[in-house]
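# What the coordinates show
The primary structure of each chain is shown beneath.
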Amino acid sequence: MKFRNFILVLFFYTSAFVNSYSIEPDVFVQSTVNRASNVLSKDISKEEKINELKAIAKETVDIQGVGFYSLGQARKNLDKNQKIKYSELFESYFLKSFSSRLAEYTNPEIEVQSKEFLNKNYTIVNSLLIGTSDRPEVKIDWRIYTKNPDNPLIRDLIIEGLSLARTQKEEFSSILNSNNGDINALFKTLEEFSNK
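Residues numbered from 1 in each chain as written. Predicted model: local features only at pLDDT ≥ 70, side-chain atom pairs only at ≥ 80, totals over all residues. Heavy atoms only, no water.

## Concerning the packing of helix α4 (residues 63–71) against helix α6 (residues 164–177)
As a reminder, the rule being used: Fitting a line to C-alpha atoms yields each axis, with helices limited to the stretch in contact; the angle taken between N-to-C directions then spans 0 to 180 degrees. Numbered from the N terminus, helices here are DSSP runs of H or I no shorter than four residues, and strands are runs of E no shorter than two. When an angle is under 35 degrees it counts as roughly parallel; over 145 it counts as roughly antiparallel; between 65 and 115 it counts as roughly perpendicular; any other value is oblique. Take the far helix as the reference: if the near one is turned anticlockwise from it by less than a right angle, the crossing is left-handed, and if turned clockwise, right-handed. The contact criterion used throughout is that any non-hydrogen atoms of two residues lie within 4.5 Å. Classification used: nonpolar for Ala, Val, Leu, Ile, Met, Phe, Trp, Tyr, Cys and Pro, charged for Asp, Glu, Lys and Arg, polar for all others including Gly.
At a closest axis distance of 7 Å, the pairing of α4 and α6 adopts a crossing angle of 50°. The orientation of α4 with respect to α6, classified from their angle, is oblique. Of the two elements, α4 crosses α6, and the hand of that crossing is right-handed. Between α4 and α6, the residues in contact are Tyr69, Ser70 and Leu71 and Ala165, Arg166, Gln168, Lys169, Phe172 and Leu176, respectively. Its residues assigned to classes, the contact of α4 with α6 comprises five nonpolar, two polar and two charged.

## Things to note about the packing of aromatic side chains
The test is simple: Side-chain rings of Phe, Tyr and Trp, where Trp is taken by its six-membered ring, are said to pair if the distance between their centres is within 6.5 Å; with planes under 30 degrees apart they count as stacked, over 60 as edge-to-face, and otherwise as tilted. Three exposure classes are used, based on accessible area relative to the maximum for each residue type with a 1.4 Å probe and protein chains only: buried under 20%, partly exposed in between, and exposed over 50%. Either the NZ atom of lysine or the CZ atom of arginine qualifies as a charge over a ring when it sits within 6 Å of the ring centre and within 35 degrees of the ring normal.
Applying the stated criterion across every chain yields a total of eight aromatic pairs. On the basis of an interplanar angle of 85° and a centroid distance of 6.1 Å, the ring pair of Phe90 and Phe172 is categorised as edge-to-face. Taken together, the positions of Phe90 in helix α5 (residues 80–102) and Phe172 in helix α6 put the pair 82 residues apart, joining distant regions of the chain. Judged by centre distance (5.3 Å) and plane angle (50°), the rings of Tyr122 and Tyr145 are tilted. With Tyr122 in strand β2 (residues 122–129) and Tyr145 in strand β3 (residues 138–145), this residue pair connects regions lying 23 residues apart in the sequence. As far as burial versus exposure is concerned, Tyr122 and Tyr145 are alike and both buried. Put simply, the rings of Phe68, Tyr86, Phe90, Tyr93, Phe94, Phe172 and Phe193 touch in pairs and so form one group of aromatic residues. Positioned above the aromatic ring of Tyr122 is the side chain of Arg143, whose terminal nitrogen or guanidinium carbon lies 4.1 Å from the ring centre.

This is the structure we're talking about:
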């Protein structure tokens, strides 16, 4: 899935001070970068890094919010049990997608540049993944959900102008459309990836 290509960049920004007090969105992002870098530079096994990265993502990314946005209008047709199953499958898929790839990286250098207050619920944070001889410079804008200022959450990333959440939504829609809207086809796709 194309979504997996963006997950790697996502995690560089998905850790922060969870028990903070009215943390500013740009500070949240910079804190995220620092914590992720610390994990990636530790002299521990890949499996241990993966477990730490997963724990951080659970704390700082609105995985359920991203998941239901990605499902689009199809979420309105799910019953309670299907919604619960989808949430569980999406979280497993999401966590595995980024963690297995991110654990290969060390010390990403990210520079937070500015922020744009949209409304009381959302702020866009602009940042730059500094280029190296192994990777190009990448411009990333963060959509931070700030309804609870004590616990900001990542809702979306816009990577070089391309929305991660929108890309995932289009991909899930394609899977459903090619299977006559059968939600079980999407469940199967997510489950198969998570169980690889």
